[in-house]
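The primary structure of each chain is shown beneath.
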Amino acid sequence: MYWKKALAAAVFFMLGMLQMGCGSSLDHKSESLGREEEEAEHRIVVGFSQLGAESDWRSENTESMKSSFTEENGYTLIFEDGQQKQANQIRAIRMFIQQEVDYIVLAPVTETGWDTVLQEAKDAGIPVIIVDRKVDVSDDSLFTCWVGSDFELEGKKAAEWLNQYALAKGLASGDIHVVNIQGTKGSSAQIGRTKGLADAAAANGWDLMAEVIGDFTRAKGKEVMESLLKQYDNINVVYCENDNEAFGAIEAIEAAGRKAGPDIAGGEIMVISFDGVNEEAIRYILEGKIICIAECNPLHGPRVQAIIELLEEGGKPEKWQYVDEEIYSANETVKSLMIDGMEYKVTILTQKDRE
Ligand code: GYE
């Protein structure tokens, strides 16, 4: 790695100069300086292209990565925030290649458009680990492996929760008037969660009135919900593809003089969401303003670290690594879900979970 060599040469030169001086305290300094540089020389250099900072999930994810790739753990982390733009992420990856990092970790904003730059990384002999969302490339050998969530399964869980709730409450399928506030268009989380709802709506005969992009942000969730409420007066379910959109949608619902809650027959609007990463989400669940959340786990730092450690030992990581996730509610109507022959128990949250 050229900059490491340059650094080592500079240190070597400095040590030489110091030795010529031969002062005892200087000797001491040079020794510890030497040790520091030697440690830096042995650290694994990871370039991480994070896609942005749009949500609480994303902040937790960034934090998890940063606390795994620390100097104490033997890493030098180069962190780049793509600010939701693929072009920024591509630029970051090219910079990592220039810097000759040991590993590139990519959390891609959308699925397509990565072939060229990942080929460049491959040609440079730098392993690429994809985290969170997926990449859709023509050749899977362009990346070493992927770790993240099964977004379609999350969507199926949320939709099946709604199905079971409607059945338990004796609601007819035609009584479900649902709108979907989607995540970033073309991202795996949007594609999977949108499919989960659309398939269930078709299978159960629900009235899926609109699918609109909310960019996974609170502000956009609010804005989109405001206009949906103006457009349709019979919305009784809002499926938000993350919690931040749900927080915004609830603000819009309340500002319109409506109530977010499970009593559809009584005129409330039921809010369904994804993530469940922080205290705020739990508070909304306990208040019944969000009726259920399909968990999405952001703590990928230690997972990517384990992959790199395995690669360092010469091991071969699993290509696709799915994380196990739960479904949360404070409402006890639905206790478990059957999806594709598998049973998923609903985790019922109580006040204690908030403490
Ligand atoms: O659910 C959302 C974030 O890709 C799983 O992106 C991630 C999603 C997450 O902005 O909150």
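This structure is a prediction, so every number in the text was calculated from the model and none was measured.

Engineer: Help me out: how do you make sense of the domain arrangement of the chain in this one?
Structural biologist: Often the size quoted for an interface is simply the accessible area lost on bringing the parts together. On domain assignment, one finds that the chain holds domain 1 (43–148 + 299–322) and domain 2 (151–296 + 326–353). In this assembly, 12 residues from domain 1 lie in contact with 18 residues from domain 2. A buried area of about 1100 Å², summed over both sides, lies between domain 1 and domain 2, and 54% of it is on carbon and sulfur atoms. On the domain 1 side of the interface with domain 2, the three residues burying the most area are Asp56, Trp57 and Arg133, jointly 46% of the side's total. Linking domain 1 with domain 2 are zero salt bridges, by the criterion used here. Our enumeration of links across domain 1 and domain 2 arrives at six residue pairs in polar contact (both at pLDDT 80 or more). Looking at the side of domain 1 that touches domain 2 residue by residue, the classes come out as two nonpolar, three polar and seven charged.

Engineer: Just checking my understanding: could you explain the nonpolar core for this structure?
Structural biologist: Residues Trp161, Ile176, Trp206, Val237, Met270 and Ile272 are the most contacted members of the largest nonpolar core, which totals 29 residues. Going through the elements one at a time, helix H6 (151–168), helix H7 (188–204), strand E8 (237–240), strand E9 (270–275), strand E10 (292–295), strand E13 (336–339) and strand E14 (342–348) are the ones with two or more residues in this core. Here this core gets seven residues from one element, more than from any other, and that element is H6. Every residue in contact with Trp206, bar those within four places of it in the chain, is listed here: Ala159, Leu162, Asn163, Ser173, Ile176, Leu197, Ala200 and Ala201. Of all hydrophobic cores here, the second largest spans 28 residues; its members include Ile181, Met209, Tyr284 and Tyr328.

Each value, and the rule that gives it
Residue positions are given per chain, counting from 1 as you read along its sequence in written order. Given that the model is predicted, a residue must reach a pLDDT of at least 70 before its local features are reported, and side-chain atom pairs must reach 80 or more before they are shown or counted; all residues, however, enter totals for whole chains, interfaces and linings. Water and hydrogen atoms play no part in the side-chain values, which are based on all heavy atoms of the structure. Where each domain starts and ends follows an automatic or database-derived domain assignment. Residues count as neighbours in contact if any of their non-hydrogen atoms are within 4.5 Å of one another. Buried area: the sum, over both parts, of the accessible surface (1.4 Å probe) that disappears when the two are put together. A pairing counts as a salt bridge when a side-chain nitrogen of Lys or Arg comes within 4 Å of a carboxyl oxygen of Asp or Glu. For this analysis, a polar contact is any N or O atom pair within 3.5 Å, provided that within protein one partner can donate a hydrogen and the other can accept it, and provided that sequence-adjacent residues contribute only side-chain to side-chain pairs. When residues are sorted by character, Ala, Val, Leu, Ile, Met, Phe, Trp, Tyr, Cys and Pro go into the nonpolar class, Asp, Glu, Lys and Arg into the charged class, and all the rest, Gly among them, into the polar class. Buried Ala, Val, Leu, Ile, Met, Phe, Trp, Tyr and Cys residues form a nonpolar core when they are joined through side-chain atoms within 4.5 Å. Only protein chains enter the accessibility calculation, which uses a 1.4 Å probe; a residue is then buried when its area is under 20% of its type maximum, exposed when over 50%, and partly exposed in between. The helix and strand labels rest on DSSP assignments: H or I over at least four residues marks a helix, E over at least two residues marks a strand, and numbering proceeds from the N terminus.

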